[in-house]
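Working through the structure, step by step
Spelled out, the chains give:
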Amino acid sequence: MQNAGLAALGLNWRYLAFDVHPDQLRSAIEGAKVMGFIGLNLTVPHKMLALDMVDVVDEQARIWGAVNTIVFQARSASGQWIPLGTTDSSRHEAVRSHGFNTDADAVLEALKKFLGVPNLQGLSVLLLGAGGAARTAALRLAQEGIGQLYLVNRTQEKAIEIADRLAKSCPGMGVKQGYPSLSVDLVINATSLGLKTEDQLPIDKEWLQKHRPRFVYDMIYRPFETALLRTARQLGLRTANGMGMLLHQGARALELWTGRPAPIEAMGAALEKNLCG
Ligand code: NDP
């Protein structure tokens, strides 16, 4: 996806994957900085750790409590910090790492553009899971003005933690634990259940069949159609997988590195080809 985006922008950069042990993350970030990397993406389990390892944390990343994108910035002659990728020279007196989070907005983009949710304001949402992705989604949806959030997670303490945080930051929004007795507008699966074919459904199937929510979103993109999405589709519900979220977080990261609009169609086509052939 990123290499297709770089090619479409005519940039001779390469996007590469590296396995880094969490204990070595600080060294990896510093190493990338001194070697002149343009930027980095981080994934589990590095996103929260990186908050304390970058030179500057963007306000949104601090709110979501996770960094998934790092932009290396050089100080310009006028004293401003600008992305390395937008500078001509490869020699810079000062370079810093700036941490961003592009996941949170990507959830919204995916719900709107891929699932067709017209407006999140006032909607009731059942969120399955309370890990990093669920937490980011819950906080971003709350910021967007959803009306009611129901949290279901295997480890209830983690869901309670999210509810407590929301009670402080969004006191006007209703947050409850467990399944609602009525239906909701939107169900989001943010658990890892569905990644393996033998996984059980992340939702109570009877509840789903009885209440038939309008929209079902699964953050998982591989497999392309999880058992949850298949079940929901067979019930006639509107569904989308996590591809849109992956695409939009990547597109925004590319924009931060290059300072240019992301070639979203080229990136989406490459992603889709890679994920579903
Ligand atoms: P975390 O490890 O932080 O959270 C995992 C979540 O899944 C927790 O709520 C955990 O519950 C739950 N879970 C795991 N195993 C089970 C099980 N056997 N039974 C019930 N619940 C279980 O991961 P993330 O939050 O980072 O990712 C969650 C999902 O979202 C993953 O599937 C990931 O692939 C997807 N994702 C997709 C993205 C995209 O761009 N489309 C981006 C990020 C994530 P518990 O708290 O009890 O452990």
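Keep in mind it's a predicted model, so treat the numbers as computed, not measured.

A separate point is helix α11 (residues 264–276). Here α11 contains 13 residues, and its C-alpha end-to-end distance of 18 Å stays within 8% of the 18 Å for a straight helix at 1.5 Å per residue. Residues Met267, Gly268, Leu271 and Leu275 constitute the buried set of α11. Taken down its axis, α11 places every buried residue within 95 degrees of arc, on the same side. With respect to the buried face of α11, the exposed residues turned more than 90 degrees away are Glu265 and Lys273. Summarising the contacts, the buried residues of α11 are in contact with α1 (2–8) and α10 (243–258). Just past α11, the residue Gly277 takes up positive phi, approximately 75 degrees.

On inspection of all chains with the given rule, the structure shows 10 salt bridges. Here Lys33 and Asp55 are joined by a salt bridge, their closest N and O atoms 2.9 Å apart. Of this pair, Lys33 sits in helix α2 (residues 25–34) while Asp55 sits in the loop between α3 (46–49) and β2 (56–57); the two residues are 22 residues apart in sequence, bridging distant segments of the chain. A relative accessible area of 14% means that Lys33 is categorised as buried. Across the pair Glu144 and Arg140 runs a salt bridge, and its minimum N-O distance is 3.2 Å. Here Glu144 and its partner Arg140 are both found in helix α6 (residues 132–144), four residues apart, which amounts to about one turn of the helix. Relative accessible area serves as the criterion here: at 23%, Glu144 is assigned to the partly exposed category. When its relative accessible area of 11% is taken as the criterion, Arg140 is described as buried. Beyond isolated ion pairs, a larger network of salt bridges with shared partners links Asp105, Lys112, Arg140 and Glu144.

Attention now goes to the site of the ligand. Around the ligand, 21 residues are found, and the nearest of them are Ala133, Asn153, Thr155, Lys158 and Met219. Ala133 is positioned with one of its backbone polar atoms (N or O) 2.8 Å from an oxygen atom of the ligand. Taken together, the elements giving at least two residues each to the shell around the ligand come down to α6 and α10.

Turning our eyes to something else, we now look at the domain arrangement of the protein. Along its sequence, the protein is organised into domain 1 (2–102 + 258–276) and domain 2 (115–241). The straight-line distance from the C-alpha centre of domain 1 to that of domain 2 is 29 Å. Contacts between the two partners involve eight residues from domain 1, matched on the other side by 10 residues from domain 2. In total, about 810 Å² of surface goes out of reach between domain 1 and domain 2, with carbon and sulfur atoms giving 62% of it. The three residues of domain 1 that bury the most area against domain 2 are Ile63, Trp64 and Leu275, which together make up 68% of that side's buried surface. Counting across the interface, domain 1 meets domain 2 through three residue pairs in polar contact (both at pLDDT 80 or more). Contributions of two or more residues to the side of domain 1 that touches domain 2 are made by α4 (59–64) and α11. Considering only residue class, the side of domain 1 that touches domain 2 consists of five nonpolar, three polar and no charged.

Cut-off values and rules
- Residues numbered from 1 in each chain as written.
- Predicted model: local features only at pLDDT ≥ 70, side-chain atom pairs only at ≥ 80, totals over all residues.
- Heavy atoms only, no water.
- Helix = DSSP H or I, 4+ residues; strand = E, 2+ residues; numbered from the N terminus.
- Expected span 1.5 Å × (residues − 1).
- Buried < 20%, exposed > 50% of the residue type's maximum accessible area, 1.4 Å probe, protein only.
- Arc of directions from axis to C-beta.
- Contact = heavy atoms within 4.5 Å.
- Salt bridge = Lys/Arg side-chain N within 4 Å of Asp/Glu carboxyl O.
- Near = heavy atom within 4 Å.
- Polar contact = N/O pair within 3.5 Å; in protein donor to acceptor, adjacent residues only side chain to side chain.
- Domains from an automatic or database assignment.
- Buried area = accessible area lost by both parts, 1.4 Å probe.
- Nonpolar A, V, L, I, M, F, W, Y, C, P; charged D, E, K, R; others polar.

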